[in-house]
Amino acid sequence: VEFIAQQESHELQFEAAWALTNIASGTTRHTRVVIDAGAIPIFTQLLESPNVDVREQATWALGNITGDSVAYRNMVLETGALPKLLRLLQPHASKL
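Residues numbered from 1 in each chain as written. Predicted model: local features only at pLDDT ≥ 70, side-chain atom pairs only at ≥ 80, totals over all residues. Heavy atoms only, no water.

A. Quick peek at a nonpolar patch on the surface. Where nonpolar side chains cluster on the molecular surface, the patch consists of L77, L82, L86 and L89 and spans about 400 Å² of accessible area. No other element matches helix α6 (residues 81-89), which puts three residues into the nonpolar patch. Note on placement: L89 falls in helix α6. Residue class for L89 comes out exposed when judged on its relative accessible area of 66%. (Patch = residues over 30% accessible without salt bridge, like charges linked within 9 Å, V, L, I, M, F, W, Y side chains within 5 Å. Areas by Shrake-Rupley, 256 points an atom, 1.4 Å probe, with all protein chains shown as cover. Salt bridge = Lys/Arg side-chain N within 4 Å of Asp/Glu carboxyl O. Helix = DSSP H or I, 4+ residues; strand = E, 2+ residues; numbered from the N terminus. Buried < 20%, exposed > 50% of the residue type's maximum accessible area, 1.4 Å probe, protein only.)

B. Representation of the nonpolar core within the structure. Counting 22 residues, the largest nonpolar core has I4, V34, F43, L46, L62 and I65 as its most contacted members. Secondary-structure elements contributing two or more residues to this core are α1 (10-24), α2 (28-36), α3 (39-46), α4 (52-66), α5 (70-78) and α6. Excluding its chain neighbours within four sequence positions, the residues that come into contact with L46 are I4, Q13, V54, R55 and A58. (Core = buried A, V, L, I, M, F, W, Y, C linked by side-chain atoms within 4.5 Å. Contact = heavy atoms within 4.5 Å.)

C. Molecular detail of the side chain of T44. Among the structural elements, T44 can be located in helix α3. According to the relative accessible area criterion, T44 is buried, its value standing at 2%. Setting aside residues up to four positions removed in sequence, T44 forms contacts with L62, T79, G80, A81 and K84.

That is the geometry; function is a separate question.
Structural data, given as C-alpha coordinates:
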(Lines give C-alpha, C1' and ligand atoms only; values in the text may rest on other atoms or scores of the structure.)
Protein backbone atom coordinates (compact mmCIF):
# COMPACT_ATOMS: atom_id res chain seq x y z
CA VAL A 1 0.00 0.00 0.00
CA GLU A 2 2.87 2.39 0.69
CA PHE A 3 3.85 2.23 -2.99
CA ILE A 4 0.50 3.53 -4.23
CA ALA A 5 1.16 6.67 -2.18
CA GLN A 6 4.48 7.31 -3.98
CA GLN A 7 3.60 10.29 -6.14
CA GLU A 8 7.10 10.54 -7.57
CA SER A 9 6.56 7.51 -9.80
CA HIS A 10 3.28 6.98 -11.62
CA GLU A 11 4.59 3.68 -12.95
CA LEU A 12 5.21 2.39 -9.43
CA GLN A 13 1.79 3.66 -8.31
CA PHE A 14 0.13 1.91 -11.23
CA GLU A 15 1.89 -1.42 -10.67
CA ALA A 16 1.19 -1.36 -6.92
CA ALA A 17 -2.43 -0.41 -7.52
CA TRP A 18 -2.77 -3.20 -10.08
CA ALA A 19 -1.48 -5.75 -7.55
CA LEU A 20 -3.84 -4.49 -4.84
CA THR A 21 -6.75 -4.47 -7.29
CA ASN A 22 -6.13 -8.15 -7.95
CA ILE A 23 -5.92 -8.93 -4.24
CA ALA A 24 -9.16 -7.04 -3.60
CA SER A 25 -10.89 -9.11 -6.29
CA GLY A 26 -10.37 -12.26 -4.25
CA THR A 27 -12.25 -13.39 -1.20
CA THR A 28 -13.74 -11.10 1.42
CA ARG A 29 -10.71 -11.89 3.56
CA HIS A 30 -8.38 -10.71 0.78
CA THR A 31 -10.39 -7.51 0.36
CA ARG A 32 -10.27 -6.90 4.10
CA VAL A 33 -6.47 -7.12 4.08
CA VAL A 34 -6.35 -4.35 1.46
CA ILE A 35 -8.76 -2.24 3.52
CA ASP A 36 -6.92 -2.83 6.79
CA ALA A 37 -3.70 -1.72 5.14
CA GLY A 38 -5.29 1.70 4.59
CA ALA A 39 -5.79 1.53 0.83
CA ILE A 40 -9.28 3.04 0.52
CA PRO A 41 -8.39 6.69 1.22
CA ILE A 42 -5.30 6.42 -0.96
CA PHE A 43 -7.26 4.92 -3.85
CA THR A 44 -9.81 7.70 -3.43
CA GLN A 45 -7.04 10.27 -3.63
CA LEU A 46 -5.63 8.56 -6.72
CA LEU A 47 -8.90 9.22 -8.54
CA GLU A 48 -7.45 12.72 -9.00
CA SER A 49 -4.04 11.58 -10.21
CA PRO A 50 -2.68 13.39 -13.26
CA ASN A 51 -1.94 9.96 -14.72
CA VAL A 52 -4.88 8.32 -16.50
CA ASP A 53 -3.58 4.77 -15.91
CA VAL A 54 -3.34 5.39 -12.17
CA ARG A 55 -6.87 6.85 -12.11
CA GLU A 56 -8.20 3.84 -14.00
CA GLN A 57 -6.54 1.36 -11.66
CA ALA A 58 -7.82 3.22 -8.59
CA THR A 59 -11.32 3.04 -10.08
CA TRP A 60 -11.03 -0.72 -10.59
CA ALA A 61 -9.69 -1.22 -7.06
CA LEU A 62 -12.49 0.77 -5.46
CA GLY A 63 -14.99 -1.14 -7.61
CA ASN A 64 -13.64 -4.44 -6.36
CA ILE A 65 -13.80 -3.24 -2.77
CA THR A 66 -17.33 -1.83 -3.04
CA GLY A 67 -18.56 -4.94 -4.80
CA ASP A 68 -17.60 -7.12 -1.88
CA SER A 69 -20.16 -5.88 0.64
CA VAL A 70 -22.45 -3.04 1.62
CA ALA A 71 -20.18 -2.26 4.58
CA TYR A 72 -17.15 -1.92 2.29
CA ARG A 73 -19.18 0.15 -0.16
CA ASN A 74 -20.08 2.51 2.66
CA MET A 75 -16.43 2.77 3.68
CA VAL A 76 -15.53 3.86 0.15
CA LEU A 77 -18.41 6.36 0.02
CA GLU A 78 -17.32 7.85 3.35
CA THR A 79 -13.96 8.81 1.80
CA GLY A 80 -15.68 11.03 -0.76
CA ALA A 81 -15.01 8.75 -3.71
CA LEU A 82 -18.36 9.22 -5.44
CA PRO A 83 -17.97 12.91 -6.41
CA LYS A 84 -14.47 12.16 -7.69
CA LEU A 85 -15.75 9.25 -9.75
CA LEU A 86 -18.53 11.40 -11.16
CA ARG A 87 -15.99 14.05 -12.20
CA LEU A 88 -14.12 11.36 -14.12
CA LEU A 89 -17.29 10.64 -16.08
CA GLN A 90 -17.83 14.22 -17.19
CA PRO A 91 -17.45 14.74 -20.95
CA HIS A 92 -14.35 16.91 -20.60
CA ALA A 93 -12.56 14.40 -18.38
CA SER A 94 -9.81 12.26 -19.82
CA LYS A 95 -10.78 8.78 -20.86
CA LEU A 96 -10.17 6.10 -18.30
